[in-house]
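Residue-level listing of the chains:
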Amino acid sequence: MKSKYFKIHELVPKKMHEEKGESAWRYVPKSHIKVLDKLKEHFNLGTMTINNYFWGGKREWSAGRYVDSEWYSKYSMHTYFQAYDIVFSHYTAEEVRNYIIENHKELFEDIGGVELGVSWVHIDFRNTDHLVLFNK
């Protein structure tokens, strides 16, 4: 399964994209693609940015992270390719977080964690039976 709205280079680190190309889709779970596509469909004005290195941007580690990433943390959900940091051009992080929280059971039950108090939207797919809201 591929996303309706995102290219693979937006969802994986540069090194993985360079080594695997389109076959890197096999490392992105369907549940992640469905959630990201739902968010884009609802928040459809402007951009929804995860990684933008392909276009010369600075965001390379907003999904999976390798040990050589300056943002690497041994037990981060990003390390296990289970998290996304997202920036929306036309919506605040708070607007998006509130929508996820309010619609968690109906639309986003696969999201396990949402980080609060940051200027981007962090979602992760931790294994939990309820939505975990946390501050880093």
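These remarks concern the structure in this document. (Residues numbered from 1 in each chain as written. Predicted model: local features only at pLDDT ≥ 70, side-chain atom pairs only at ≥ 80, totals over all residues. Heavy atoms only, no water.)

## Considerations on the nonpolar core
In a soluble, globular protein the nonpolar side chains are often hidden away together inside.
At step 1: If you look at the biggest cluster of nonpolar residues, it comprises 33 residues, and the most contacted ones within it are Leu-36, Leu-39, Tyr-84, Ile-86, Ile-100, Ile-111 and Ile-123.
At step 2: Of all elements in the fold, only α2 (30-42), β2 (83-88), α3 (93-102) and β4 (121-124) reach the threshold of two or more residues within this core.
At step 3: Setting aside chain neighbours within four positions, we find Ile-123 in contact with Val-35, Leu-36, Leu-39, Gln-82, Ala-83, Tyr-84, Ile-86, Ile-100, Ile-111, Gly-113 and Val-114. (Core = buried A, V, L, I, M, F, W, Y, C linked by side-chain atoms within 4.5 Å. Buried < 20%, exposed > 50% of the residue type's maximum accessible area, 1.4 Å probe, protein only. Helix = DSSP H or I, 4+ residues; strand = E, 2+ residues; numbered from the N terminus. Contact = heavy atoms within 4.5 Å.)

## A word on the sheet that holds strand β5 (residues 132-134)
At step 1: The strand order across the open sheet formed by five strands is β1-β2-β4-β3-β5, and the pairing between neighbours is mixed. With one partner strand each, in any of the chains shown, β1 (48-49) and β5 form the two edges of the open sheet.
At step 2: Bridge count for strand β3 (residues 113-115) against β4 is two bridges, and the pairing is antiparallel. In the strand pairing of β4, Val-114 is matched with Ile-123. (Pairing = 2+ DSSP bridges.)

## A few points about unusual backbone geometry
At step 1: Even without glycine at this site, Phe-81 takes up a positive phi of about 55°.
At step 2: Looking at Phe-81, the relative accessible area reads 18%, which means it is buried.

## Some thoughts on the packing of aromatic side chains
At step 1: Evaluation of the coordinates by the stated rule reveals nine aromatic pairs.
At step 2: Summarising the aromatic geometry, the rings of Tyr-84 and Phe-125 are spaced 6.1 Å apart at their centres and angled 90° between planes, so their arrangement reads as edge-to-face. Here Tyr-84, found in strand β2, pairs with Phe-125, found in the loop between β4 and β5; they are 41 residues apart in sequence, far enough to count as distant. For the residue pair Tyr-84 and Phe-125, the accessibility class agrees, reading buried in each case.
At step 3: Through pairs of rings, three or more aromatic residues link up here, namely Phe-43, Phe-88, Tyr-91, Tyr-99 and Phe-108.
At step 4: The ring of Phe-108 carries the charged tip of Lys-38 above its face, separated from the ring centre by 6.0 Å. (Phe/Tyr/Trp six-rings, centres within 6.5 Å; stacked < 30°, edge-to-face > 60°. Lys NZ or Arg CZ within 6 Å of the ring centre and 35° of its normal.)

## Some points on the pairing of β4
At step 1: Burial along β4 is two-sided: Val-121 and Ile-123 and His-122 and Asp-124, pointing in opposite directions, are all buried.
At step 2: Across four bridges, the pairing between β2 and β4 is antiparallel. The residue of β4 that forms the bridge with Tyr-84 is Ile-123.
At step 3: The antiparallel hairpin formed by β3 and β4 contains five residues in its connecting segment, where Gly-117 sits at a positive phi of about 75°.

## What to know about the pairing of β2
Two faces, one strand: in a regular strand the side chains alternate between the faces of the sheet.
At step 1: Of all six residues in β2, five are buried, a share of seventy percent or more.
At step 2: For β1 and β2, the ladder comprises two bridges, and the chain directions are antiparallel. Residue pairing for β2: Thr-49 is matched across the bridge by Val-87.

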